Amino acid sequence: MKEHKARAWLRAAYILGALIDAVMVPVMLIPELARVLWGFSGFSPTYRYAMMMGAALMLGWTLLLIWACIKPIERRGVALLTIVVILGIAAANIYSVITGLISASRMILSWVMQAILAAFFTIGYFGSREKK
């Protein structure tokens, strides 16, 4: 893939990823939003603590993606790391459905977004590899 196309794919992936991550931070911090999105209820102190930890990581990853967007080819390794994160979150989502914590219908939007993001990051990462 030509460098300008790879740069465009990576930039799009970084921007899309940062936007989605940024939206998730308030969902993780405001229980009412989690209730709407995931159907959760009974927000224990343990839940709130775990979500505060997760939100801090989500915000940090948002900033990492913005940083990578500035020099997408030079920081392409962030795309590979992000694919790992997306797969981990997808696995957690599958677990939540299998265990009955969240209904599959509430996970469809998440899975669609994860598939789109994974495709963008994969195309951008592998398309930007140096030809030897």
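Structure report, in brief. Just so it is clear, the model here is predicted, and its values are computed rather than measured. (Residues numbered from 1 in each chain as written. Predicted model: local features only at pLDDT ≥ 70, side-chain atom pairs only at ≥ 80, totals over all residues. Heavy atoms only, no water.)

### Some points on the overall build of the protein chain
(1) Moving on: In terms of regular secondary structure, the protein chain is built from five helices and zero strands.
(2) Moving on: Walking the protein chain from its N terminus toward its C terminus, one meets helices and strands in the order α-α-α-α-α.
(3) Moving on: Considered along the principal axes of its C-alpha atoms, the protein chain spans approximately 55 × 25 × 20 Å.
(4) Moving on: In the protein chain, buried positions account for 37% of the 132 residues.
(5) Moving on: Counting only contacts in the protein chain whose residues sit at least 6 apart along the sequence, the fraction spanning at least 24 positions is 67%.
(6) Moving on: Counting every atom, the protein chain has about 8000 Å² of accessible surface; 73% of that belongs to carbon and sulfur.
(7) Moving on: Side chains of the protein chain give 13 positive and 5 negative charges; the mean places of these two sets differ by 4 Å. (Helix = DSSP H or I, 4+ residues; strand = E, 2+ residues; numbered from the N terminus. Buried < 20%, exposed > 50% of the residue type's maximum accessible area, 1.4 Å probe, protein only. Contact = heavy atoms within 4.5 Å. Areas by Shrake-Rupley, 256 points an atom, 1.4 Å probe, with all protein chains shown as cover. Lys, Arg positive; Asp, Glu negative; His and termini not counted. Charge placed at Lys NZ, Arg CZ, Asp CG, Glu CD.)

### Some remarks on a nonpolar patch on the surface
(1) Moving on: Side chains of Leu29, Ile30, Leu33 and Met52 sit close together on the surface and give an oily, nonpolar patch of about 360 Å² of accessible area.
(2) Moving on: You can see Ile30 is positioned in the loop between α1 (3-29) and α2 (31-38).
(3) Moving on: Overall, the relative accessible area of 36% leaves Ile30 in the partly exposed class. (Patch = residues over 30% accessible without salt bridge, like charges linked within 9 Å, V, L, I, M, F, W, Y side chains within 5 Å. Salt bridge = Lys/Arg side-chain N within 4 Å of Asp/Glu carboxyl O.)

### Some words on the packing of aromatic side chains
(1) Moving on: Going through the model one piece at a time under the given rule, you end up with six aromatic pairs.
(2) Moving on: Seen in terms of ring centroids, Trp38 and Phe40 are 5.5 Å apart; in terms of plane orientation they differ by 40°. Their pairing is tilted.
(3) Moving on: Its relative accessible area of 11% is what places Trp38 among the buried residues.
(4) Moving on: Through pairs of rings, three or more aromatic residues link up here, namely Trp38, Phe40, Phe43 and Tyr47. (Phe/Tyr/Trp six-rings, centres within 6.5 Å; stacked < 30°, edge-to-face > 60°.)

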